[in-house]
Amino acid sequence: MTTRASGAPELLMVCAFHLKNGTKLAVQCSKRFETMGPVLKIENLCVEYPSQGIGHGTKLALQGLNLEVRQGEIFGFLGPNGAGKTTTMNVLLGFVNPTAGAAYIFGVDVREPIARQRIGYLPELTYYYKFLSAEEILRFYGKIFQIPRSEMETRLDSVLKLVELEEARRRPIRTYSKGMQQRVGLAQALINNPDLLVLDEPTSGLDPIGRMKVRQLIQRLKDEGKTVFFSSHELGEVETVCDRVAILNQGELKAEGRVDDLVRQYQCTSLEQVFLKIIDYRAAA
């Protein structure tokens, strides 16, 4: 999935409201988040963009999207390039306002900054200063989230252990492999101990070992009770780790459910075959 080349600024936008609003808002936020409903709920979501060129009107990026993600599940968000996955995530993160419809995180409208209090976000492309270490980056984001100094060391140790970067924590990021850099991004997404992880192509560009480590990490997060909402083009991995999936095409939700159920429903042998059938892909003769 293509994202804007501003991973670090996007992450700052997600959490910067903490500095503006302080402790009182955090207390108010925790009370408002007490809900037994779905972690993530999207209702009749529509997003229009101006088309390129003069006199071309608008482009409908999302058309009446309805979706629910439940507590503690791993949810795969799938679709070909241009299907509307990035647009949906941008709405959830407050980067784009919907043209119609609404989206809620823990029962709070995503247009309210406090809706992002319990989110961890990993963009497809992360950009960090290469001269910084993983530990320095995590301390920076910890300050943005106003994590108390007394808790910061424990949080750092826990997150770095989880992503297997303990031994490299003080090395400059320029010395990290692609897989290690991706795990720094995951650590950043976890530093505020979120209940919902939004991950955009978390295994993009990784080798098989790197992808395996990310899959294992996602499973550990589920075991801890966290909810994971992620997009991916690696359908074999999605089939392995996801409880449920949704498939978008041309801005519309085409299918949703457990992988096994979709395979039976569409009379296929794999999620990849289901995906190709749903988007009506035809190989060249």
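Please refer to the structure higher up on the page.
Residues numbered from 1 in each chain as written. Predicted model: local features only at pLDDT ≥ 70, side-chain atom pairs only at ≥ 80, totals over all residues. Heavy atoms only, no water.

**As for the packing of aromatic side chains**
Here the structure, examined in full by the defined rule, presents 5 aromatic pairs. Residues phenylalanine 75 and phenylalanine 229 carry aromatic rings whose centres are separated by 5.8 Å and whose planes lie at 20° to one another, so their mutual orientation is stacked. Taken together, the residues phenylalanine 75 in strand E3 (residues 74-78) and phenylalanine 229 in strand E8 (residues 227-231) connect sequence positions 154 residues apart. Assessed through its relative accessible area of 0%, phenylalanine 75 is described here as buried. Assessed through its relative accessible area of 0%, phenylalanine 229 is described here as buried. On the basis of an interplanar angle of 25° and a centroid distance of 5.5 Å, the ring pair of tyrosine 129 and phenylalanine 131 is categorised as stacked. Considered together, tyrosine 129 and phenylalanine 131 belong to a single accessibility category, that of exposed residues. Each residue in the set Phe75, Phe77 and Phe229 is aromatic and connected to the rest through ring pairs, giving one cluster. Looking at arginine 118, its charged tip hangs above the ring of phenylalanine 106, at a distance of 3.9 Å from the centre. (Phe/Tyr/Trp six-rings, centres within 6.5 Å; stacked < 30°, edge-to-face > 60°. Helix = DSSP H or I, 4+ residues; strand = E, 2+ residues; numbered from the N terminus. Buried < 20%, exposed > 50% of the residue type's maximum accessible area, 1.4 Å probe, protein only. Lys NZ or Arg CZ within 6 Å of the ring centre and 35° of its normal.)

**Topic: the sheet that holds strand E9 (residues 244-249)**
The strand order E6-E7-E8-E3-E9-E10 describes an open sheet built from 6 strands, whose pairing is mixed. Across the chains shown, the open sheet's two edge strands, defined by having one partner strand only, are strand E6 (119-122) and strand E10 (252-257). Each strand of the sheet is rotated relative to its neighbour by a mean of 15°, with strand direction disregarded. Strand direction decides the pairing type here: E9 and E10, joined by 5 bridges, are antiparallel. Following the sheet pairing, asparagine 249 is matched in E10 by glutamate 252. Sheet strands in contact with helix H6 (residues 178-190) are E6 and strand E7 (196-200), and its direction is about 160° off that of E6. The strands that helix H7 (residues 208-223) touches are E3, E7 and E8; relative to E3, the one it contacts most, it runs at about 135°. (Pairing = 2+ DSSP bridges. Axes fitted to C-alpha atoms, helices over the stretch in contact; angles between N-to-C directions. Contact = heavy atoms within 4.5 Å.)

**A short note on empty space enclosed by the protein**
Considering all chains together, one arrives at 3 cavities of 30 Å³ or more under this definition. Quantified by volume, the largest cavity comes out at close to 60 Å³. Pro202, Thr203, Val214, Arg215, Ile218, Phe230, Ser232, Glu237, Val238 and Val241 are the residues that line the largest cavity. When residues of the lining of the largest cavity are traced back to their parent elements, those giving at least two are H7 and helix H8 (235-241). (1 Å grid on protein atoms, 1.4 Å probe; cavity = no way out; pocket = protein on both sides within 12 Å on 5 of 7 lines; lining within 4 Å. Points joined across faces, edges and corners; volume = space filled by probe spheres on them.)

**A few points about the packing of helix H4 (residues 134-144) against helix H5 (residues 149-162)**
Relative orientation of the contacting elements H4 and H5 amounts to 130°, with a least axis distance of 11 Å. Classified by the interaxial angle, the pair formed by H4 and H5 is oblique. For the crossing formed where H4 meets H5, the hand is right-handed. Here Ala134, Glu135, Leu138, Arg139 and Gly142 of H4 come into contact with H5, specifically with Met152, Glu153, Leu156, Val159 and Leu160. The class makeup of the residues in the contact of H4 with H5 is 6 nonpolar, 1 polar and 3 charged. (Parallel < 35°, antiparallel > 145°, perpendicular 65-115°, else oblique. Left-handed = near helix turned anticlockwise from the far one by under 90°. Nonpolar A, V, L, I, M, F, W, Y, C, P; charged D, E, K, R; others polar.)

**Section: the side chain of glutamate 135**
Position of glutamate 135 relative to the elements: it lies in helix H4. Glutamate 135 has contacts with Leu156, Arg169 and Arg170, leaving out every residue within four places of it along the chain.

**Considerations on the pattern of salt bridges**
Summed over the entire model, instances satisfying the criterion amount to 18 salt bridges. The salt bridge partner of lysine 41 is glutamate 43, with a shortest N-O separation of 3.2 Å. The exposure class of glutamate 43 is partly exposed, given its relative accessible area of 30%. Here aspartate 157 and arginine 169 are joined by a salt bridge, their closest N and O atoms 2.9 Å apart. A residue pair is termed long-range when its members are at least 10 positions apart, and aspartate 157 in helix H5 and arginine 169 in the loop between H5 and H6 qualify at 12 residues. What makes arginine 169 buried here is its relative accessible area of 12%. Beyond isolated ion pairs, a larger network of salt bridges with shared partners links Glu135, Arg139, Glu153, Asp157, Arg169 and Arg170. (Salt bridge = Lys/Arg side-chain N within 4 Å of Asp/Glu carboxyl O.)

**Some thoughts on unusual backbone geometry**
The phi angle at phenylalanine 106 is positive, at roughly 55°, despite the residue not being glycine. Structurally, the position occupied by phenylalanine 106 is in the loop between strand E4 (100-105) and strand E5 (108-109).

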